[in-house]
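In case you want the letters, here they are:
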Amino acid sequence: MSESQRSQLVAHDRDAAATAADAATADGTADVVILGAGPAGLVLGNLLQAGGIDCVVLERADRAHVQSRARAGYLAANTVRILEENGLAAGLRRNGQPHAVCEFRTEDGRFRLDYGSLGPCGPHTVYPQQELVTDLLTHYLDAGGRLSFETEALAVLDADGARPSVAVRTADGRQGHWQGRYVAGCDGRHGAARRSLPAGVVRHRRDHGVSWLGLLAEAPPSLDAVGYAVHRRGFAGHMARTPEVTRYYVQVERGEPAGAWSEQRIWDELALRMHAADYGPLRGGRIVQQSVVDLESDVLEPLRHGSLFLVGDAASLISPSAAKGANLAVLEAEILARALVDDLAHGDPAGLDRYSARCLDHIWRAQEFSHWMIQLLHSPPGPVGGETLFHDALRRSRLELLRTSRTHQQWFAEGYVGV
Ligand SMILES: Cc1cc2nc3c(=O)[nH]c(=O)nc-3n(C[C@H](O)[C@H](O)[C@H](O)COP(=O)(O)OP(=O)(O)OC[C@H]3O[C@@H](n4cnc5c(N)ncnc54)[C@H](O)[C@@H]3O)c2cc1C
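What you see is a predicted model, and the numbers here were worked out from it, not measured in a lab. (Residues numbered from 1 in each chain as written. Predicted model: local features only at pLDDT ≥ 70, side-chain atom pairs only at ≥ 80, totals over all residues. Heavy atoms only, no water.)

A.B. asks: I would appreciate a short explanation of unusual backbone geometry in the present structure.
C.D. replies: Glycine aside, the phi torsion of most residues is negative, and most peptide linkages are trans. With an omega of 0°, the peptide bond running from Glu 301 to Pro 302 counts as cis. Considering the arrangement of structural elements, one finds Pro 302 in the loop between strand E18 (286-301) and strand E19 (304-305). Even without a glycine there, the phi angle at Glu 150 is positive, about 50°. Along the chain, the position of Glu 150 falls in the loop between strand E9 (146-148) and strand E10 (151-157). In this model, Asp 158 sits at a positive phi of 55°, which is unusual for a non-glycine residue. (Helix = DSSP H or I, 4+ residues; strand = E, 2+ residues; numbered from the N terminus.)

A.B. asks: What exactly am I supposed to notice about the packing of aromatic side chains here?
C.D. replies: The relative placement of two aromatic rings is captured by the distance of their centres and the angle of their planes. Taken as a whole, this structure holds 18 aromatic pairs when the rule is applied. Arranged with centres 5.4 Å apart and planes meeting at 80°, the rings of Tyr 248 and Trp 267 form a pair that is edge-to-face. Placement of the pair is Tyr 248 in strand E17 (residues 246-252) and Trp 267 in helix H9 (residues 263-273), with a sequence separation of 19 residues. Judged by its relative accessible area of 1%, Tyr 248 falls in the buried class. (Phe/Tyr/Trp six-rings, centres within 6.5 Å; stacked < 30°, edge-to-face > 60°. Buried < 20%, exposed > 50% of the residue type's maximum accessible area, 1.4 Å probe, protein only.)

A.B. asks: Help me understand the site of the ligand in this model?
C.D. replies: Inspection of the region around the ligand gives 33 residues, with Glu 59, Gln 129, Ala 153, Asp 313 and Ala 326 positioned closest. At 2.9 Å from an oxygen atom of the ligand is found a main-chain nitrogen or oxygen belonging to Ala 40. Gly 325 places a main-chain nitrogen or oxygen 3.3 Å from an oxygen atom of the ligand. Alone, the ligand offers 1,000 Å² of accessible surface; in the complex the protein occludes 93% of this. Elements supplying a minimum of two residues to the shell around the ligand: helix H3 (39-50), E10, E17 and helix H11 (325-346). The element that contributes the greatest number of residues to the shell around the ligand is H11, accounting for four residues. For the shell around the ligand, the class distribution of residues is 13 nonpolar, ten polar and ten charged. (Near = heavy atom within 4 Å. Polar contact = N/O pair within 3.5 Å; in protein donor to acceptor, adjacent residues only side chain to side chain. Areas by Shrake-Rupley, 256 points an atom, 1.4 Å probe, with all protein chains shown as cover. Nonpolar A, V, L, I, M, F, W, Y, C, P; charged D, E, K, R; others polar.)

A.B. asks: Is there a simple way to explain the side chain of Arg 247 in this structure?
C.D. replies: With respect to the helices and strands, the residue Arg 247 is situated in strand E17. One buried charge, Arg 247, has no salt-bridge partner; the nearest side chain with opposite charge is Asp 313, at 12 Å. From its side chain, Arg 247 meets the backbone oxygen of Ala 70 in a polar contact 3.2 Å long. In this structure the side chain of Arg 247 is engaged in a polar contact, spanning 3.4 Å, whose partner is the backbone oxygen of Arg 71. Sequence-distant contacts of Arg 247, that is, excluding residues within four places in its chain, are made with Ala 70, Arg 71, Gly 214, Leu 215, Leu 216, Gly 237, His 238, Met 239, Arg 241 and Gln 289. (Lys, Arg positive; Asp, Glu negative; His and termini not counted. Salt bridge = Lys/Arg side-chain N within 4 Å of Asp/Glu carboxyl O. Contact = heavy atoms within 4.5 Å.)

A.B. asks: Looking at this structure, how should I read the pattern of salt bridges?
C.D. replies: For side chains bearing opposite charge, pairing can occur when the charged atoms are close. A complete count under the given rule lists 27 salt bridges for this structure. Note that Arg 93 and Glu 84 form a salt bridge whose closest N and O atoms lie 2.3 Å from each other. Here Glu 84 falls in the partly exposed class, since its relative accessible area comes to 38%. Between Glu 334 and Arg 338 there is a salt bridge, with its nearest N and O atoms 3.1 Å apart. Placement of both Glu 334 and Arg 338 in helix H11 is noted, with a separation of four residues, approximately one turn of the helix.

A.B. asks: Please clarify how the layout of surface pockets should be interpreted in this entry.
C.D. replies: Over the atoms rolls a probe the size of a water molecule, and its path tells where empty space is left. Here the second largest pocket is characterised by a volume of approximately 750 Å³. Lining of the second largest pocket is provided by 34 residues; of these, Arg 232, Arg 233, Gly 234, Gln 251 and Ser 379 occupy positions nearest its centre. Looking at the lining of the second largest pocket, the elements with two or more residues in it are strand E14 (202-218), E17, H9 and helix H13 (386-404). Here the lining of the second largest pocket gets five residues from one element, more than from any other, and that element is H13. Taken together, the residues of the lining of the second largest pocket break down into eleven nonpolar, ten polar and 13 charged. (1 Å grid on protein atoms, 1.4 Å probe; cavity = no way out; pocket = protein on both sides within 12 Å on 5 of 7 lines; lining within 4 Å. Points joined across faces, edges and corners; volume = space filled by probe spheres on them.)

A.B. asks: Could you clarify how one ought to interpret the environment of Pro 381 in this entry?
C.D. replies: In this fold, Pro 381 is placed in the loop between helix H12 (350-377) and H13. A C-alpha to C-alpha distance of 9.4 Å links Pro 381 and Arg 254, two positions 127 residues apart in sequence. Not counting residues up to four positions away in its chain, the partners in contact with Pro 381 are His 208 and Gly 209.

A.B. asks: Looking at this model, I keep getting lost on the packing of H12 against helix H14 (residues 406-417). Mind explaining?
C.D. replies: The axes of two packed helices give the description: the angle between them and the distance between them. Axis separation between H12 and H14 bottoms out at 9 Å; the angle between their running directions is 120°. Judged by the angle between their axes, H12 and H14 are oblique. The element H12 and its partner H14 pack so that their crossing is left-handed. Contact residues: H12 offers Arg 365, Glu 368, Phe 369, Trp 372 and Met 373, while H14 offers Trp 411, Phe 412, Glu 414, Gly 415 and Tyr 416. Taken together, the residues of the contact of H12 with H14 break down into six nonpolar, one polar and three charged. (Axes fitted to C-alpha atoms, helices over the stretch in contact; angles between N-to-C directions. Parallel < 35°, antiparallel > 145°, perpendicular 65-115°, else oblique. Left-handed = near helix turned anticlockwise from the far one by under 90°.)

A.B. asks: For this particular structure, what's the right way to read the pairing of strand E15 (residues 226-229)?
C.D. replies: On any regular strand, side chains alternate: one points to one face of the sheet, the next to the other face. Because side chains alternate across E15, one face comprises the buried residues Val 226 and Tyr 228, and the other comprises Gly 227 and Ala 229, equally buried. Bridge analysis of strand E6 (residues 102-106) against E15 gives four bridges, and the strand direction is parallel. Looking at the pairing, Arg 105 lines up with Ala 229 of E15. In this structure, E15 lies alongside strand E16 (residues 236-240), joined through three bridges in antiparallel fashion. From the neighbouring strand, Tyr 228 faces E16, where its bridge partner is Gly 237. Linking E15 to E16, which pair antiparallel, is a turn of six residues; within it Gly 234 sits at a positive phi near 125°. (Pairing = 2+ DSSP bridges.)

Right under this line is the structure:
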């Protein structure tokens, strides 16, 4: 038996599966080689596994790291539908919280928007991304899924040929190749899939010139809504994660390093921008994570290159202002899984041919809404003057429309939750 065969993960017992999966594998074959064990890669892996398709997930990090990466939290109804239809929603059903209200705060006052009851998409479900990833991973391994941790994809080779492969390096320094019929690049914006694209790929990129300090606080939520505060000192945001943990955002100067602000300064600034003196104090706690997010859009086109498909953040990056990234990743994974099952199990390649166009439709709708949100919540960068004053006046008018016009509120509700 070869080394790759020996280390292929077929155990059905969960503990045995976890142990076997922890052994990195440098060589092997699978019909579909999936790069990355984030929401995109793990939804794809689970759906292919359920469809009887031979696949493997290669993940650069170790299991503990993958299961502890706190990022998204707001899952759209369509994401919940995909997870439920595929038996992946048990944890989310147990511990997810429905969430339906936004509160906007400005110098002119505040208003609440019950978006969950306005649009066709209903409310969000709040469920931390690391919990979702843990559920997906456990389900995949329990069902005998093959996964190699600490296995970094270096490059996708021969994507134009019939037998593409992925050059990998394991954490202990071994190098090898995984060969497949298809490769799914679910390895994020800085992964190997993007680096392996041929010249001539169109890249639509926009730097919105705005940076957020993203914070995770061991503090109960301070309001029963997503809080968006527009302030002359910059944006501040509040998003519940669990009854004990809240995500906050504070807009910072571009280039400001994470960790530059003391906890005291963070809480003072959040209280000021969220108008706590008028609307009630924030519930404080230890800040356990700080990272800077530069608000950018970055969409590749097309999303298929021969046998290589881009999924999730590898396909498009979207600012977190509208909570779309993880939702797009799950949707694209579902579309690709169906197309791969049709092709590999039934000999019908039509879905694969349509994959890029279908996903780009969804991606651009999400980008459009996210772009609108960025303009609603921030002044343009640069010195205060004619241009910024004009933008701020428009922004106030947009917020007023959102406060008063039912039509605008319904449009917002559909764009906010829909993907
Ligand atoms: C602060 C923050 C808040 C957010 N909030 C929300 C929200 O509320 N709602 C929402 O929908 N989205 C949100 N997002 C976006 C969301 O987290 C991402 O869009 C989502 O994680 C994308 O999933 P993915 O599987 O495509 O990529 P990832 O989650 O990035 O997973 C990629 C995986 O690939 C692995 N990898 C990378 N390179 C390699 C390699 N060379 N070889 C092998 N493996 C590799 C990585 O280790 C990782 O495990 C937020 C993002 C941030 C940063």
